[in-house]
Amino acid sequence: MLTKFETKSNRVKGLSFHSKRPWILASLHSGVIQLWDFRMGTLIDRFDEHDGPVRGVHFHMSQPLFVSGGDDYKIKVWNYKLHRCLFTLLGHLDYIRTVQFHHEHPWIVSASDDQTIRIWNWQSRTCISVLTGHNHYVMCASFHPKEDLVVSASLDQTVRVWDIGSLKKKTSSPVDDILRLSQMNSDLFGGVDVIVKYVLEGHDRGVNWAAFHPTLPLIVSGADDRQVKLWRMNDTKAWEVDTLRGHMNNVSCVMFHPKQDIIISNSEDKSIRVWDGTKRTGLQTFRREHDRFWILAVHPEMNVLAAGHDSGMIVFKLERERPAFAVSGDSLFYAKDRFLRYYDFLTQTESQALTIRRPGSTTLNQSPRTLSYSPTENAVLICSDVDGGSYELYVIPKDNIGRGDNLQEAKKGLGSSAIFVARNRFAVLDKGNNQVLIKNLKNEVVKKSGLPVTTDAIFYAGTGNLLCRSEDRVVIFDLQQRLVLGDLQTPFVRYVVWSNDMETVALLSKHTIVITNKKLVHQCTLHETIRVKSGAWDDNGVFIYTTLNHIKYCLPNGDSGIIRTLDVPIYITKVSGNTVFCLDRDGKNKTIVIDATEFIFKLSLLRKRYDQVMSMIRNSQLCGEAMIAYLQQKGFPEVALHFVKDEKTRFKLALESGNIQIAVASAKEIDDKDHWYRLGVEALRQGNAGIVEYAYQRTKNFERLSFLYLINGNLEKLSKMLKIAEVKNDVMGQFHNALYLGDIQERVKILENAGHLPLAYITASVHGLHDVAERLASQLGNDVPPLPEGKEPSLLMPPAPVTCGGDWPLLRVMKGIFDGGLDSIGRGAVDEEEEEEDAGGDWGEDLDVVDVDGLQNGDVTEILEYGEVAEENEEEGGWDLEDLELPPEVDTPKVSGGARSSIFVAPTPGMPVSQIWIQKSSLAAEHAAAGNFDTAMRLLNRQLGIRNFAPLKSMFLDLHTGSQSYLRAYSSVPVVSLAIERGWSESASPNVRCPPALVFNFSQLDEKLKAGYKATKAGKFTEGLRLFVSILHTIPLIVVESRREVDEVKELIIIAKEYVLGLQMELKRREMKDDPVRQQELAAYFTHCNLQMPHLRLALQNAMVVCSKAKNWATAGNFARRLLETNPTNENQAKAARQVLQAAERNMTDAVQLNYDFRNPFVTCGATYVPIYRGQKDVSCPYCTTRFVPSQEGQLCSVCDLAVVGADASGLLCSPSQIR
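Everything in this summary refers to the structure shown in the same document. The model shown is predicted, which means the values in this text are computed figures rather than measured ones.

**Some points on helix H29 (residues 1113-1125)**
Every α-helix winds through 3.6 residues per turn, so residues three or four apart in the chain are directed the same way. An ideal rise of 1.5 Å per residue puts 18 Å on 13 residues; H29 measures up with 18 Å between its terminal C-alpha atoms. Burial in H29 covers these residues: Trp1113, Thr1115, Ala1116, Gly1117, Asn1118, Phe1119, Ala1120, Arg1122 and Leu1123. Turning to H29, the residues buried within the fold contact helix H27 (1076-1086), helix H28 (1093-1109) and helix H30 (1131-1146). Two residues or fewer after H29 comes Asn1127, characterised by a positive phi angle close to 50 degrees.

**Observations regarding the sheet that holds strand E53 (residues 570-576)**
Pairing between the strands of a sheet is mediated by backbone hydrogen bonds and can be parallel or antiparallel. A sheet is described by the order of its strands in space; here three strands give the open sequence E53-E54-E55, paired in antiparallel fashion. The sheet terminates laterally at E53 and strand E55 (589-593), the two strands that pair on one side only. Taken pair by pair, the neighbouring strands of this sheet meet at an average axis angle of 30 degrees, ignoring direction. In the sheet, E53 pairs with strand E54 (residues 579-584) via six bridges, with the strands oriented antiparallel. The residue of E54 that forms the bridge with Ser576 is Thr579.

**Some details on the sheet that holds strand E34 (residues 379-384)**
Pairing is antiparallel across the open sheet formed by four strands, whose spatial order is E33-E34-E35-E36. Two strands close off the open sheet at either side, each with one partner strand: strand E33 (370-374) and strand E36 (411-414). Averaged over neighbouring strand pairs, the angle between their axes works out to 20 degrees when direction is ignored. Here E34 pairs with strand E35 (residues 390-395) via six bridges, running antiparallel. Each residue of the ladder has a partner; that of Val380, found in E35, is Tyr394.

**Side note on the side chain of Thr455**
By the element assignment, Thr455 lies in the loop between strand E40 (445-450) and strand E41 (457-460). Within polar-contact distance, the side chain of Thr455 engages the backbone oxygen of Val453 at 2.8 Å. Sequence-distant contacts of Thr455, that is, excluding residues within four places in its chain, are made with Leu429, Lys431, Asn434, Cys468 and Arg469.

**A word on the pairing of strand E50 (residues 543-547)**
Among the five residues that make up E50, five are buried, leaving the element largely enclosed by the rest of the structure. Note that strand E49 (residues 532-537) and E50 share five bridges and pair antiparallel. Across the sheet, Ala536 pairs through a bridge with Ile544, a residue of E50. Here E49 folds back onto E50, and the loop between the two strands holds five residues, one of which, Gly541, carries a positive phi near 85 degrees. Relative to strand E51 (residues 550-554), E50 is paired through four bridges, and the arrangement is antiparallel. Each residue of the ladder has a partner; that of Thr546, found in E51, is Ile551.

Conventions we followed
Residues numbered from 1 in each chain as written. Predicted model: local features only at pLDDT ≥ 70, side-chain atom pairs only at ≥ 80, totals over all residues. Heavy atoms only, no water. Helix = DSSP H or I, 4+ residues; strand = E, 2+ residues; numbered from the N terminus. Expected span 1.5 Å × (residues − 1). Buried < 20%, exposed > 50% of the residue type's maximum accessible area, 1.4 Å probe, protein only. Contact = heavy atoms within 4.5 Å. Pairing = 2+ DSSP bridges. Axes fitted to C-alpha atoms, helices over the stretch in contact; angles between N-to-C directions. Polar contact = N/O pair within 3.5 Å; in protein donor to acceptor, adjacent residues only side chain to side chain.

Put into structure tokens, the structure is as follows:
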């Protein structure tokens, strides 16, 4: 049983499916009728007018109606669109058990505890017939789906079949008056419309349910005697065919399945049972813990059933409907009925490949569940649930596709999952032992492999790899190396869909889609409320998937949307361009043409392909609130602006993108105070004084206007504001304006007119207006206020503004691709997808603004004078980085129509070479050569965990200096810098820039390495150490071309690291004169560094001598033995070793115990110089890979002196070939 939907409620007594929509009605013991959408899992409506339990409910086939009958003796007919009861039919005298609409006529049949069945005409709202004959409660009554029959079941232990043929004639034939008269007579004198055709007796207890077969002359009934009986009928009689026994309590409901030859019954024994209609045996039983079942319903079209119980209802399926299929290139193989079929996507033709044998099924769900195909061997693996999980292997003869008459014996085996993992190998999951068996095409086991997690299913993950699924995670497992390649926590995964290039995978759960790369590194997760059914990748890397009722898309960044709705669920097999190929639930191939414009547009935005974006804006019908909201959310309001006609939205987007001109035009159209105010705020932020002034004038905001004139130093207009305030009789406004103007006499006059004589007197006195002060003093008489003594008054004058009038100067920026409307479509925009992704994350500092340091003073004034301020806004981010990628000659802006033709417009400065270098590079050396030390350091930190850059400072400077050459024409002209490029040739295009020339290269390191070896051999350890450290410091800043050279560089790091560590220990040993034990240990550890053979012999000789002097003969003997094993060419070395070995064999003891065990493999800690034996925890330097004890985590590596021990790092990047 596959539960699709479940509700929790009062006891459910009646159920009815809608014939077209995914709706179900449930009538409850509490009197409520619920309308549910079982696909969405939502309650659509509830109807609550019955008094007491509602036992019967039924949808009309075609009208928006349903009927209900309850314990209040009422039958109600409802219109679910109007959400109300239309009318009530009264007549029954006891509880109503069931109600049902007729499939053609406007009739309702109802069964009641008043021992009658009534047939009603719901159009005339009258009872047209009462069927009497039962002598106990009538538990159910229903119409035959095709014939003029009614079946009823009663507690009088009988099932009755009624013929309603004459009723049909009476109500439907046009009768004349005479006929009507005779009909009235027959009604009055007992003429009968409905007759009992058969009475079926055989149950020992009351019968609870009876139902017709949809096509055959069969009836099934269930009773309190716990039996289900099957009856057959012909024109003259009906008889019992068989009895189905198995229920432990009263059978409450029983039905035939409309599509399959099975019978479904449920009972108060808390079970639903499924029976084989032909063999009349039990197929399956589904039990609940605490709930008795009361009612069943089958959907007339879809393969779903519903059952009502004590605490709600369940909607369920008996079998999976998803066809098993496998796609290989342009071919699709799928299982349908008992055949393996083949479909060609190119020609859109299908044919039969071979016949699949199916065993005589004793249970449900035996059809193929998964299918795996090997194209080279033309072999197919089919898995099903037969025998608890088994597989069948078929090899399709090459010449047989299309004939399908081939019947071959399959190679079979047990296993819950089986998939091809190589050309002629397949893996079978053995759940019991948690292992996979690798088998060949002869079905023979060639290998067994244990799995890293408890696995319940396996999926293909590339040749030789498996994707193992457990309850809450998936793992990619390499069968050859037995390694886990990736691991991810996910919801329970049902299906796995790989992209065509096997780089990306979609993991489909019931309500979730998780997209990861091939190593299971998480990229995005999508949650769906409706169940996810299938999916496939299109050619652009967009995942197209289906839910129960939609086709949707998911972009690589996790953005999703709806492409179209579906009437019935489908299973996508392949997406090609605008065509979706799919299988439906009947196993038929379909093609659906979709409109890909929306997701291609979003993908182009995501991948910064702005030329495509522009052409789509021009040519397609993209629009709508969702698209505008998306563009706003992603930070592209200027793009959204091109779609919008609504002025308020245009205004909002124009403000967001800083496009003042469009904002002004929209504000004029809207002409609303709030919009003018917001326009003023934005214009002020941009320093566009003219528009600020205009906005304040439109809103009559005089206070703000005055202040604007004050900061702009526009005294003439301030004087006008003073006059306006005077006319408006605004005393406070007058005083403010006078204060802003520094007009003392005006202030005194205003104070005097306002009646503030003491204030007027003080103002006049302080500012030296003695005539006015005397006049005011005479008016004040004895109330003259005293002035403070010893204070020096000063005149309050507003300071002179920084810029008088005019708009603020703006920095010149590169023109965005969307600036100036749609006239500058991005021509030849470079696809930067890969490079952008490499340099993504923390390093993406958008260099919007072109370097203005080089401009002469005259240029700045030119910008001040003629800059089109409204169009160019320095805060407009987002697009400019991509614009900088255009070749310089394409980037020359068109002169806008509004510009003055007489003015010379200087060409836009080209992009500096240094910027071109860093734009496409993730190599630290190239960033340093371009002078961009900051990003170079960040790259080194990210790639190698380097934090100490002091040793690299001089190299950074050398790289920068070495990538430039400087020309001087003559003394008064500034020096011209020229970029020196790596790999430049005369035939190269002048517009294509090569990477910078670098002063450090691999061959120099080779020379240093030889010098280091030489110094070590000569015993110049300090000199040798300096050379090897220098190699480690130079490697992060070199660039090589091929992958082979990359491997050589990595090898060189290991060599240099080993020598640095060894030489550091040897120098440390020489300092420790007074600690012989530590001297011996350090000498011993030196012999375990990975050295060249001559150096190793010297180290072994050294350790041997030190230990033998300290009388540690056993240890010295070990060094002598190791020295002799190297076959030393120097006879003195060999002689000394043999002597020590002889002495050691006579006395195999050590005078002192050393922290050294040569039998146990170890590495030496780079900081503490102690051994770290195999199995002990350690941390390593992310750059030089030296190992350290855990306490050193977070410290600077003492070997390379650059990186932090234990830091996260992505690894050395020293070649463009690693990035491609």
